[in-house]
Amino acid sequence: MVSSLHATSLGAGLALTASLLAGSGSGSGTEAPPEASSAPSRPNVLFIYMDDHAAQTIGAYGSRFGPTPNIDSLAADGLLFRNAFCTNSICAPARAVVLTGKHSHVNGVPDNRSTFDGGQETFPKALQAAGYRTAMIGKWHLRSTPTGFDHYEVLRGQGPYYNPLLLTPDGQQRHRGYTTEVITDRALAFLEEAAASEQPWLLMYQHKAPHRNWQPGPNEVGLFDDVTFPEPPTLFDDYATRNPGCASQEMSIATHLRDEYDLKLAPPPGLDEEQLTTWKAAYDPRNAAFRADPPTGDERTRWNYQRYTKDYMRCILGVDRQVGRVLEALERLELSDDTLVIYTSDQGFYLGEHGWYDKRWMYEESLRFPLIARWPGVIEPGTESEELVVNLDFAATFLELAGVPEAMTTQGRSLVPLLEGEAPTDWREDLYYRYYEVGEHAVPPHFGLRTATHKLIEFPDSGFTELFDLQADPHEVQNLAGDPAQAELLGRLQARVRARAAELGDALPEDVGD
Ligand code: CA
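Residues numbered from 1 in each chain as written. Predicted model: local features only at pLDDT ≥ 70, side-chain atom pairs only at ≥ 80, totals over all residues. Heavy atoms only, no water.

K.L.:
Describe the coordination of the calcium ion, with residues and values.
P.N.:
At this site the calcium ion is bound by D51 (OD), D52 (OD), C91 (SG), D346 (OD), D346 (OD) and Q347 (OE1), with donor distances of 2.2 to 2.8 Å. With six donor atoms in place around the calcium ion and angles of 50 to 165° between them, the coordination shape is irregular. (Donors = N, O, S within 2.8 Å, 3.2 Å for Na, K, Ca; no water. Tetrahedral: all angles 85-135°; square planar, octahedral: opposite > 155°, others 65-115°.)

Here it is in structure tokens:
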């Protein structure tokens, strides 16, 4: 399985060092050059990419919803990043950031309505040019045809939870079954082929789950009837001191979940007879109990919360089961030792925090995404990193591992030193965030800066500013922007976010005062 190019000896790693020392790209806003790596060269890359998977729902992150055994095993065997954040917390923009290593205003996908320009530089193209066999299987969600892949099978748009159509270079194919399993079946077929070749490979294995509307699969639909999930402390947040958009948003568990579509008071369309029978066996008794004694007021909010979070977690356990199949296949095909496995998501999500579902906001639960990396022989098992890492960093990381750090410029920084357990003294101290979209869920555009301890958010439409002390106030309910004792810090962060925007070439909306 190991070719000369794909050798995993330390000698090959050291030979690569010379080319890495040549430095990185020099694009606008590019951060410090990556340090030389002593890791084995050119591993395979299995990139497991979720849609809306919140870190706080993974056992290894201390989930209040219980264990996620296979994902947790990746953390036990690898490195868990505590502070991984996106630059723009929404699906298509996050995907464009990952592929390009560049912020939304540079890669041309600021919102979900934008079409990704597949003609621009991406890391899959660079890996393909460097001799990797590249594949994209599952959710693509960038409107344009995938580029840079030897093989792709992707959902059209959001795609359904059941019986998906997959688009391929040779046309489209309808598959019967639960989409999480179908995508895995196709990923396993790719791994079988890849294992028979000497080429190193990149597999982007990208799930639809657990995106709204959280339809469980046949193996998980019956779970959780006898448990009550703990509520977050901010389920009934009053939004006092925070920007007016917090109260006027349209993503509230109390009022914006739809009875049939979101809360499953009717079965979804598109199921075949067998799937529908399994579905109804689980939901009909639950729905009958609801209709016999419908809760009202705060009790209805609590009922919505339970129904929503249980469906979400059923989807997660469905993915977890499939991740187990993939890890088993890596072992069986003798690929584990030569493969960097990344488990991550496009952004985080609210599981009742602030009374919400969905994402978009710069608050912690949707700003943070889960990030777990396993690479036997390189990554120390059971370790954690507190460094601030950003979804901009994936491209630079994979370029370095493929031995082509200069193949394209990015605005991120290679994570390879962190994977090797180093703690670079010049690692980033803050990250720049901007949400652009106007429309769905009525979240106002905003921008800000997060440091290891604080967060600044500015809302140009309302002229509102928020400042949080993340250590004293991890739930972000005490806005300190008006506190005279914080004025010096506030001024420093406001200057810093503007300096970062200028360095990165982003034009902020005109200040409307405070
Ligand atoms: Ca998403």
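K.L.:
Can you lay out the sheet that holds strand 13 (residues 430-435) for me, pointing to particular residues and giving the numbers?
P.N.:
Strand order in the open sheet made by the four strands is 13-14-15-16, with antiparallel pairing throughout. Edge positions in the sheet fall to strand 13 and strand 16 (464-469), since each of these pairs with one other strand and no more. Across the sheet, the mean angle from the axis of one strand to that of its neighbour is 10°, orientation sign disregarded. Sheet topology note: the strand 14 (residues 446-451)/strand 15 (residues 454-459) ladder contains four bridges and is antiparallel. Looking at strand 15, one finds that R450 is bridged to K455. (Pairing = 2+ DSSP bridges. Helix = DSSP H or I, 4+ residues; strand = E, 2+ residues; numbered from the N terminus. Axes fitted to C-alpha atoms, helices over the stretch in contact; angles between N-to-C directions.)

K.L.:
An account of the pairing of strand 14 is requested, with residue identities and associated values reported.
P.N.:
The side chains of a regular strand alternate between both faces of the sheet. In terms of burial, strand 14 is a largely internal element, six of the six residues being buried. Here strand 14 shows a buried face lined by H446, G448 and R450 and a second buried face lined by F447, L449 and T451. Pairing geometry for strand 13 and strand 14, over six bridges, is antiparallel. Along strand 14, the bridge assignment pairs L431 with R450. The turn linking strand 14 back onto strand 15 is made up of two residues. (Buried < 20%, exposed > 50% of the residue type's maximum accessible area, 1.4 Å probe, protein only.)

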